[in-house]
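Summary of structural features
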Amino acid sequence: MAAAAPSSPVRRLLATHRGVAVAAAVFLILIAVVDLISAGPLTYFDISFLASGGATSALAAIGQTIVILSGGFDLSAGAVISLVNAVLARSMDPMNMEANVLLWTLVGMGIGMTTGAVNGFFIAVLRLQPIVVTLSTMFIIQGVTLLVMDKPGGFVSPSLGTFYLGDAIPGWLPMPIALIGVVLLAWAWLKNTRLGTAIYAVGSDADAAAAVGVSTVLTRFLVYVIAGGCYGLAGVFISAQTGSGDPLVGNPLLLSMFAAVVVGGTRLGGGRGGPLGSAIGAYVLMIVVNILLVLNVSAYYSTIAEATILILAVLAGSISRTSTLAQQLRVLGTRLGARRAGTLVSQLRQDDQRLAIAKTRKTVEAAAKPSFLTRNAEILRYALPAYVCFIIVILVTQAWLGGAILNPGYWNSLIVLSSFLAILALGQGTVILTGGLDLSVPWTIGLCGILLAGMVKGSDVALIYALPLVLLLACFIGLINGLGIVFLGLSPIVMTLATNGLLQGAALLYSNGTPDGFSSPMLRWFMTGKIWIFTPVVLFMVLFVIFAVTLLGRTAFGRRVYGIGNGIRAAELSGIAVGRTLVFVYMLSALCSGLVGVLLTGFSGQASLGMGDDYLLPSIAVVVVGGALITGGRGHYLGMLGGVLLLTGLQTFLAGTTLPYATRAILFGLVVLGAVVALRDRRN
């Protein structure tokens, strides 16, 4: 024992900071690999280049880490970076070689902190779900960014690049490393304050933290403000790096940001980890991508690499005897043993063991169904507002533009345009009813559309086999999502975000960055032709709505979905096969997304990269606006359909005005936030 004593503090230190230690070890190994495959030994210039290449992701990951430590998520980080970049490129004088670096840094951080304050208000004060709030603000900020700068351009003063890309100590310390070091030192100070302790306490157990006097509301609010400042600083740095503006520059950073946080050892869910590991994780990801490029591996593999690293890092960080994977393996072993012994429930006698109760007039009267309004009071309460607002939009459209109410062509076009969201509402809505969220919708749509167009190439004959193959692929994508969530224990947000990155890489590799092929005439006619005065897809949507209402409202599958949404543990105790049902739920969502990819290809005549990007927030918006609870357990497909009609009618109205395209994203985000606030569960 005496001999082991000196190593105990080291072991305790490694146990406490295992994530950082592992990330640092991987980082050093990758540096050694870079040194081996390089033409010569690494020089100070190489180190400075690597330092600047990963600084933006590292700064953003630090902000994201602070949010995750408190138990939250922030999907608006990339959009904030883009907004800061656009504002600086639009506002700075490129001819001013002596621009005040400190002033513009404070401007960028101020933009980020303001956005963080908005997020914090809705999340901390109004107690809304971080995912839906930050997703909504992401789209609002993207719309604002497009209003500031609708396409790449503008110039950033060279003084910003000279400062941030130079040396803090010439020949010894690159400025990007010094900048990250200053931020980490600020966190080290903050961590030892009451606020820092409160962040970890709230992330570990918010109720317990509140019970001992921690102000959870103020803590969560300040977390998003501080994180916003980090995103703003990242936006300033990327502006210095690029020297110009790009309204989409921050979008690709979201996946790598979460991957860096997980690689750095921070636990998704809060309470454990820290920004130091996330900063190292960001450089690990950057070096991996650089190694792939040096080895002449296509840049299209970058998102695949990041998504794979994210999944593996989450799994590595959760390996234990109590992990979901370990529990699933134990359950599987128990079931196999029971099957061999013949003691599975399905192997036992299935005789009806219920007691026979004589039906009397009194029991029959007691079993009489309540009235329609009584049975559906909650559905009507939350679903009717969407239809009321839809009628208002129609009346405004008639008054402003004319040709709406009595125009069959208007209604036909409205239903055709609604078909995409109506299909997505079934898939995304079912996922939300279970308390999850599917972020893989955009590239499931994109990959399925690109594959269909590539296989069909204008042939109706090819459509006969291409359509089933594409829809089977969509089901397989959903199966992967479901298995990752159920059997590996990954968070739905993480799993579907990683899957979205994998699908994006797959689509880029398949199309080589330029999708070819086009829709078959039959599919094109289905989406744009006419049967009397209606487009054929309109008749299909009537059948689809009947199917969706029946599936969620009249089947055992639908009852299981609602049961899971009202509480997984209670659902398990009531005999619901939770794991199997969740797998089917994500398969349904992917199938709906794949079908939308097919229909979009027929509607536009061809497929394109990013064709599904515009459907992520709307697919969630229509569900929430239709009265569904974002945490699951409450909602009806007819309400979601009302949300579809409302948002499509609003979009159609805006298309007839002179308002810029960017207002659509802003409006969608505001509608979702408003609906979540108005229809939230008052008991929470």
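Here, the structure is the one placed above.
These lines cover the structure that appears in this document, whether it is placed above or below. (Residues numbered from 1 in each chain as written. Predicted model: local features only at pLDDT ≥ 70, side-chain atom pairs only at ≥ 80, totals over all residues. Heavy atoms only, no water.)

Considering the side chain of Thr 444
Applied cut-off: Here a helix means four or more residues in a row that DSSP labels H or I, a strand means two or more in a row labelled E, and each is numbered from the N terminus. The cut-offs for exposure are 20% and 50% of the maximum accessible area for each residue type, with area from a 1.4 Å probe on protein chains only; residues under the lower value are buried, those over the upper are exposed, and the others partly exposed.
One can find Thr 444 in helix α20 (residues 441–456). Residue classification places Thr 444 among the buried residues on the basis of a relative accessible area of 1%.

Quick look at the packing of aromatic side chains
We apply this condition: Each Phe, Tyr or Trp ring, with Trp reduced to its six-membered ring, pairs with another whose centre is within 6.5 Å; inter-plane angles below 30 degrees give stacked pairs, above 60 give edge-to-face pairs, and intermediate values give tilted ones.
Within this structure, the stated rule accounts for 14 aromatic pairs. Between Tyr 164 and Phe 237, the ring centres sit 6.2 Å apart and the planes meet at 70 degrees, which makes this aromatic pair edge-to-face. Here Tyr 164, found in helix α7 (residues 158–164), pairs with Phe 237, found in helix α11 (residues 216–242); they are 73 residues apart in sequence, far enough to count as distant. We note that Tyr 164, like Phe 237, is buried. Seen in terms of ring centroids, Phe 540 and Phe 544 are 6.3 Å apart; in terms of plane orientation they differ by 40 degrees. Their pairing is tilted. Taken as a pair, Phe 540 and Phe 544 lie in helix α24 (residues 536–554) at a separation of four residues, close to a single helical turn. Residue Phe 544 is classed as buried on the basis of its relative accessible area, which comes to 9%. Following the ring pairs from residue to residue traces out a cluster consisting of Phe 526, Phe 540, Phe 544 and Phe 547.

Quick notes on unusual backbone geometry
Phi at Lys 457 is positive, roughly 50 degrees, even though this residue is not glycine. Along the chain, Lys 457 turns up in the loop between α20 and α21 (460–486). Even without a glycine there, the phi angle at Asn 512 is positive, about 55 degrees. Within the secondary structure, Asn 512 is located in the loop between α22 (492–511) and α23 (521–528).

A few points about helix α28 (residues 616–625)
Most of α28 sits inside the fold, with 10 of its 10 residues counted as buried. For α28, the full list of buried residues reads Leu 616, Leu 617, Pro 618, Ser 619, Ile 620, Ala 621, Val 622, Val 623, Val 624 and Val 625. Phi turns positive one or two residues past the end of α28, at Gly 627, with a value near 100 degrees.

Some remarks on the pattern of salt bridges
Stated formally: Only one rule defines a salt bridge in this text: a Lys or Arg side-chain nitrogen within 4 Å of an Asp or Glu carboxyl oxygen.
On inspection of all chains with the given rule, the structure shows two salt bridges. The residue Asp 516 makes a salt bridge to Lys 457 at a minimum N-O spacing of 3.3 Å. Placement of Asp 516 in the loop between α22 and α23 and of Lys 457 in the loop between α20 and α21 is noted, with a sequence separation of 59 residues between them. Here Arg 569 makes a salt bridge to Glu 572, at a shortest N to O gap of 3.4 Å. Of this pair, Arg 569 and Glu 572 both sit in helix α26 (residues 568–573), three residues apart, which is roughly one turn of that helix. Here Glu 572 falls in the partly exposed class, since its relative accessible area comes to 40%.

Thoughts on the nonpolar core
To keep it simple, the criterion reads: In this text, buried Ala, Val, Leu, Ile, Met, Phe, Trp, Tyr and Cys residues form a nonpolar core when linked through side-chain atoms within 4.5 Å. Contact criterion: two residues are considered in contact whenever any of their non-hydrogen atoms come within 4.5 Å of each other.
Leu 160, Tyr 164, Ile 180, Leu 426 and Tyr 637 are the most contacted members of the largest nonpolar core, which totals 189 residues. Among the elements that make up this core, the one with the highest residue count is helix α19 (residues 408–433) (13 residues). With near-sequence residues (within four places) excluded, Tyr 637 lies in contact with Ala 422, Ala 425, Leu 426, Phe 544, Val 545, Ala 548, Val 549 and Leu 552. By size, the runner-up hydrophobic cluster in this structure holds nine residues, among which are Cys 475, Ile 576, Val 578 and Val 583.

Quick word on the packing of helix α8 (residues 175–191) against α11
Convention followed: For helices, the fitted axis covers only the stretch in contact; all axes are lines through C-alpha atoms, and the angles between them, taken along N-to-C directions, range from 0 to 180 degrees. Orientation labels follow simple angle bins: below 35 degrees gives roughly parallel, above 145 gives roughly antiparallel, 65 to 115 gives roughly perpendicular, and whatever is left gives oblique. Under the scheme applied here, ten amino acids are nonpolar (Ala, Val, Leu, Ile, Met, Phe, Trp, Tyr, Cys and Pro), four are charged (Asp, Glu, Lys and Arg), and all others, including Gly, are polar.
Two numbers describe how α8 lies on α11: the axes approach to 12 Å, and their chain directions differ by 175 degrees. Judged on the interaxial angle alone, α11 and α8 are roughly antiparallel. Facing Pro 176, Leu 179, Val 183 and Leu 190 of α8, the residues of α11 in contact are Ile 226, Leu 233 and Phe 237. Here the contact of α8 with α11 is built from residues that sort into seven nonpolar, no polar and no charged.

Digging into a nonpolar patch on the surface
Note the following rule: Like charges are joined within 9 Å and nonpolar side chains (Val, Leu, Ile, Met, Phe, Trp, Tyr) within 5 Å, but only among residues with over 30% relative accessible area and no salt bridge; these make up the patches. Using the Shrake-Rupley algorithm and a 1.4 Å probe, accessible areas are obtained, with residue cover drawn only from the displayed protein chains.
Among the surface-exposed residues, Leu 384, Val 388, Ile 392, Val 396, Trp 400 and Leu 401 lie close enough to one another that they form a single nonpolar patch of about 580 Å² accessible area. Mapped onto the secondary structure, Ile 392 falls in helix α18 (residues 377–400).

Observations regarding the packing of helix α4 (residues 77–91) against helix α5 (residues 101–125)
Working note: a packed helix pair is described by the angle between its axes plus the distance between those axes. The cut-off we apply is this: Two helices cross in a left-handed way if the nearer one is turned anticlockwise from the farther one by less than a right angle. They cross in a right-handed way if the turn is clockwise.
For the pair α4 and α5, interaxial distance at closest approach is 10 Å and the crossing angle is 145 degrees. Here the hand of the crossing between α4 and α5 comes out right-handed. Judged by residue contacts, Val 80, Leu 83, Val 84, Val 87, Leu 88 and Ser 91 of α4 engage Trp 104, Gly 108, Ile 111, Gly 112 and Thr 115 from α5. Looking at side-chain class alone, the contact of α4 with α5 contains seven nonpolar, four polar and no charged residues.

Quick look at the environment of Ala 51
Structurally, Ala 51 is set in helix α3 (residues 44–69). Ala 51 gets classed as buried once you look at its relative accessible area, which sits at 3%. On a C-alpha basis, the gap between Ala 51 and Pro 174 in space is 7.2 Å, while along the polypeptide they are 123 residues apart. Discounting residues that sit within four places of it in the chain, Ala 51 has contacts with Pro 174, Pro 176, Ile 177 and Tyr 283.

Things to note about helix α6 (residues 130–148)
Rule in force here: By definition here, a helix of n residues has an expected span of 1.5 Å times n minus one.
For α6, spanning 19 residues, the distance from its first C-alpha to its last is 26 Å, which sits close to the expected 27 Å at 1.5 Å a residue. Taken across its 19 residues, α6 has 15 buried, putting it largely inside the fold.

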